[in-house]
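# Observations on the model geometry
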Amino acid sequence: LIRKLVWSYTTLYPNSTKPRIGYLKIEKLDGEVIEIFRKGDSNVKVSDVKHSLNGVFIITSFQMSDDIIRLRVCGSDTSKNFLRAMEYYSLWGLNSSARKALDNDSKKKKKKNCHGK
């Protein structure tokens with residue numbers, strides 16, 4: 001389960017309808033951070049512009065060569081909404097540890113909002 005995605009595109013094909021991702025940072029719900037940097041031709045640069053998504057996500061499609069050429073995610077803005085959507089649409093089953101992590105995250109957010117922090 002992913003809490004935040006941050007990415008930058010390569011500068012190789014700036015007007016492409018299918019830009020390539022040269023940098024990807026994945027912040028998981030459990031706090032683990034994974035970073036993927038482009039490999040290959042050093043003449044291809046990674047843009048300084050960063051894009052991000054915050055919420056709760058899973059990766060549904062991932063394809064990589066020198067760059068990430070396909071990344072699709074499914075998610076929602078909160079753990080509670082993510083869990084609701086997964087149960088309603090029955091797209092993928094959630095194991096007990098994933099369900100527990102979502103419940104704990106939802107409780108943390110609720111407690112944080114109640115204390116005004």
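Notes on the structure follow. Throughout this document, residue positions are counted from 1 along each chain, in the order its sequence is written. Side-chain atom pairs in this predicted model are given and counted only at pLDDT of 80 or more, local residue features only at pLDDT of at least 70, and totals for whole chains, interfaces and linings cover all residues. Side-chain metrics in this entry use all non-hydrogen atoms of the structure; hydrogen atoms and water are not considered.

Moving on: the overall build of the protein. Helix and strand content of the protein: two helices and five strands. Only runs of H or I of at least four residues qualify as helices and only runs of E of at least two qualify as strands under DSSP, and these elements are numbered from the N terminus. Order of helices (α) and strands (β) in the protein, N terminus to C terminus: β-β-β-β-β-α-α. Each principal axis of the C-alpha distribution contributes one length, and for the protein these read about 50 × 35 × 25 Å. For the protein, buried positions account for 26% of its 117 residues. Contacts are assigned to residue pairs that have any heavy atoms within 4.5 Å of one another. A separation threshold of at least 6 residues defines the contact pool for the protein, and within that pool the share at least 24 residues apart is 52%. Carbon and sulfur atoms make up 50% of the accessible area of the protein, which totals about 8,200 Å². Burial classes follow relative accessibility: with a 1.4 Å probe on protein chains only, a residue under 20% of its type's maximum area counts as buried, one over 50% as exposed, and anything between as partly exposed. Only the protein chains shown count as cover for residues, and all accessible areas are computed by the Shrake-Rupley method using a 1.4 Å probe.

Moving on, we get to the packing of aromatic side chains. In summary, the pairing rule links any two rings of Phe, Tyr or Trp, Trp by its six-membered ring, whose centres are within 6.5 Å, and it sorts them by plane angle into stacked for under 30 degrees, edge-to-face for over 60 and tilted for everything else. Within this structure, the stated rule accounts for one aromatic pair. Seen in terms of ring centroids, tyrosine 23 and phenylalanine 37 are 5.2 Å apart; in terms of plane orientation they differ by 45 degrees. Their pairing is tilted. Here the residue tyrosine 23 occupies a position in strand E2 (residues 21-28), and phenylalanine 37 occupies one in strand E3 (residues 33-37), the gap between them amounting to 14 residues. In this structure tyrosine 23 comes out as buried when scored by relative accessible area, which is 10%. With a relative accessible area of 49%, phenylalanine 37 lands in the partly exposed category.

Our focus in this paragraph is the environment of glycine 31. Tracing the chain through its elements places glycine 31 in the loop between E2 and E3. Residue classification places glycine 31 among the exposed positions, given a relative accessible area of 55%. With 29 residues separating them in the primary sequence, glycine 31 and isoleucine 2 have C-alpha atoms 9.2 Å apart.

Right, let's get into the pattern of salt bridges. One speaks of a salt bridge when a side-chain nitrogen belonging to Lys or Arg is within 4 Å of a carboxyl oxygen belonging to Asp or Glu. Overall, the coordinates contain six salt bridges when judged by the stated rule. Here arginine 3 and aspartate 105 are joined by a salt bridge, their closest N and O atoms 2.6 Å apart. Highlighted residues: arginine 3 in strand E1 (residues 2-9) and aspartate 105 in helix H2 (residues 96-114), separated in sequence by 102 residues. For arginine 3, a relative accessible area of 21% translates into the label partly exposed.

Turning next to the nonpolar core. Residues grouped as a nonpolar core are buried Ala, Val, Leu, Ile, Met, Phe, Trp, Tyr and Cys residues, joined through side-chain atoms within 4.5 Å. Ile2, Leu5, Trp7, Ile21, Leu24, Ile26, Ile36, Phe57 and Ile68 form the largest nonpolar core, which has nine residues in total. Residues within four places of leucine 24 in sequence aside, it is in contact with Leu5, Val6, Trp7, Ile34, Glu35, Ile36, Phe62, Ile68 and Leu71.

Our next topic: helix H1 (residues 79-89). Residues of H1 that are buried: Ser79, Phe82, Leu83 and Met86. Projected onto a plane normal to the axis of H1, the buried residues spread over an arc of 95 degrees and lie on a single side. Exposed positions of H1 whose direction lies more than 90 degrees from the buried face are Tyr88 and Tyr89. In this description, one arc is meant: the one made by directions from the helix axis to the C-beta atoms.

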